[in-house]
Every structure is written in C-alpha cells, then in structure tokens.
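As a plain string of letters, each chain reads:
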Amino acid sequence: AVLYSFQSYRDHDAALQVMLCTCVGAGVLILVATSIFAMDLIGGLVWQMTLGVGLYVAYNILTSAVYDRIVAATNTEGTCTFLVFLGDCFGYVVTFGILLLRDFGPSARPDDGGASDDEDAVLSVFLTLVFLGMGVSVGCLLAARCYFWKRLREDGIASELEVVDLTHELHADNRIT
C-alpha cells in the first residue's frame, strides 16, 4: 500500500522527497521503539513487531522504488539496476559483518569456539547495532534528502512523469475485454 501510494506523484522530485521522508520516519520509529524497549517500557513482542514494521516500510521503499525515482528525477539515461545491485551488496556485507561480530565480537565466549549463549550480551550488542545502524541510516537519508532537494531545485532538472494508462490502450486494442 505504501509503494502503491507513490504512483500518484507525477513529479519525480516530490516523489523522491516523500519517499526519503517516509524512510526517515521508519528509521525514527525504530529508534523510538528501541529506546522505549531499552527503558523497559514495552515488552519484547511489541518491540519486535514495531521493528519489523519500520524495517519493512524502509526496505520496500529503498529496494528499487527510490532508485527508479533518482534515475528519473536526474534525467539519467539507463536503469537503476546498478544501484539495486550496490544496495544489495551493502546489505550482504553488513549481514556478514554482524554474523562475524556475533561470533568473534566482545560478547563471544572464547571457551566454546566463539559462539555466545549469553542472551543479555547478545541483546546488548544488538541494541547497540540498532542504535548505531539506524542513527547512521537516518543521518544518510536526511543528507540524501537535502542533497537532492538542493541539486534538483538548483539545476532545474526535476521532471514530470508521463503516465500512460495501459488499461485504456489494451481495451482499445481489444486485448482485454
């Protein structure tokens, strides 16, 4: 539903700004929920569900929709395939880094081959990673928003999307009855 709502924007720059702001809002939701959880004001289930909603919203927008709008708003020829590949690559690198941190980081026990069973230590490391990761992510998203706001307004390259009603064309060609 979130991605579908962005189709109504004809101006690529406006759509890009709203998408980036929505991702910032999702990141702030994660930071607020994690802060409240760290203060023991909400339980683990509510925190996990809120974390999931925030991650889902941001992930859905940032997987390819934002990249499509960046390519369209800057009038760049080509597709967003490289940007999607680059984003996925960073995701894999971060996942691999978190797994290494879990097994060889400060909460790992040297006496059992690096695996940690101490739930409090693992939770502490995870909370730290959430705060750092979301803090950096929100900061980068705000910087991207400011950059595109300034660049697209100064250069005057923000363009309007030409919407083609494919259903109408298919009805006219008698492909759909």
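What counts and what doesn't
For every chain, the first residue of its written sequence is number 1, and the numbers climb from 1 along that sequence. Owing to the predicted nature of the model, reporting of local features is limited to residues with pLDDT of at least 70; listing and counting of side-chain atom pairs is limited to 80 or more, with chain, interface and lining totals taken over all residues. To obtain the side-chain values, all non-hydrogen atoms of the structure were included, while hydrogens and water were left out. Orientation is described by axes fitted as lines to C-alpha atoms, over the contacting stretch for helices, and by angles from 0 to 180 degrees between their N-to-C directions. Runs of H or I in DSSP of at least four residues are treated as helices and runs of E of at least two as strands, each being numbered from the N terminus. If an angle is under 35 degrees, it is roughly parallel; if it is over 145, roughly antiparallel; if it lies from 65 to 115, roughly perpendicular; otherwise it is oblique. Should the near helix be turned counterclockwise from the far one by less than a right angle, the crossing is left-handed, whereas a clockwise turn marks it as right-handed. Any pair of residues with heavy atoms lying within 4.5 Å of one another is described as a contacting pair. Under this grouping Gly is polar, as are all residues other than the nonpolar Ala, Val, Leu, Ile, Met, Phe, Trp, Tyr, Cys and Pro and the charged Asp, Glu, Lys and Arg. Distance thresholds for patches are 9 Å for like charges and 5 Å for nonpolar side chains (Val, Leu, Ile, Met, Phe, Trp, Tyr), applied to residues having over 30% relative accessible area and no salt bridge. Here, Shrake-Rupley sampling with a 1.4 Å probe gives the accessible areas, and only protein chains in the shown set may cover a residue. In the sections that follow, a salt bridge refers to a side-chain nitrogen of Lys or Arg positioned within 4 Å of a carboxyl oxygen of Asp or Glu. Between the rings of Phe, Tyr and Trp (Trp by its six-membered ring), a pair exists once the centres lie within 6.5 Å; its type follows the angle of the planes, with under 30 degrees stacked, over 60 edge-to-face, and the other angles tilted. Note on classification: 1.4 Å probe, protein chains only; a residue is buried when its accessible area is under 20% of the maximum for its type, exposed when over 50%, partly exposed between these limits. Summary of the metric used: pLDDT quantifies the predictor's per-residue confidence within the range 0 to 100.

Visitor: So what's going on with the packing of helix 3 (residues 44-73) against helix 4 (residues 81-104)? Residues and values would help.
Guide: Contact pair helix 3 / helix 4: the axes reach a minimum separation of 9 Å and the direction vectors enclose 140°. Compared by their axis directions, helix 3 and helix 4 come out oblique. Remark: the crossing between helix 3 and helix 4 carries right-handed chirality. Facing Thr-63, Ser-64, Tyr-67 and Val-71 of helix 3, the residues of helix 4 in contact are Leu-83, Val-84 and Gly-87. Of the residues in the contact of helix 3 with helix 4, the class split is four nonpolar, three polar and no charged.

Visitor: Hey, could you go over a nonpolar patch on the surface for me, with residue numbers and the actual values?
Guide: Taken together, Phe-82, Phe-85, Leu-86 and Phe-90 make up a surface patch of nonpolar side chains, about 470 Å² in accessible area. Tracing the sequence through the fold places Leu-86 in helix 4.

Visitor: Go over the packing of helix 2 (residues 12-38) against helix 3 with me, naming the residues and quoting the values.
Guide: The N-to-C vectors of helix 2 and helix 3 enclose an angle of 160°; their axes lie 9 Å apart at closest approach. The angle between helix 2 and helix 3 places the two elements in the roughly antiparallel class. In the crossing of helix 2 with helix 3, the sense of the turn from one axis to the other is left-handed. Counted by class, the contact of helix 2 with helix 3 contains 23 nonpolar, six polar and two charged residues.

Visitor: I'd love a proper account of the packing of aromatic side chains, names of residues and values included.
Guide: Tallied over the entire structure, the rule returns three aromatic pairs. Where Trp-47 meets Phe-126, the ring centres are 5.9 Å apart and the plane angle is 80°; that geometry is what we call edge-to-face. Remark: Phe-126 occurs in helix 5 (residues 119-155) and Trp-47 occurs in helix 3; sequence separation between them is 79 residues. Judged by its relative accessible area of 4%, Trp-47 falls in the buried class. With a centroid separation of 5.1 Å and 75° between ring planes, the pair formed by Tyr-147 and Phe-148 is classed as edge-to-face.

Visitor: So what about the confidence of the model for the chain? Which residues, and what values?
Guide: In this model, the chain carries a mean pLDDT of 78, and residues with pLDDT of at least 70 account for 75%. No element of the chain has a lower mean pLDDT than helix 6 (residues 166-172), at 47, and none a higher one than helix 2, at 89. Scored below 50 in pLDDT, residues 158-170 makes 21 contacts in the model with residues more than four places away or belonging to other chains.

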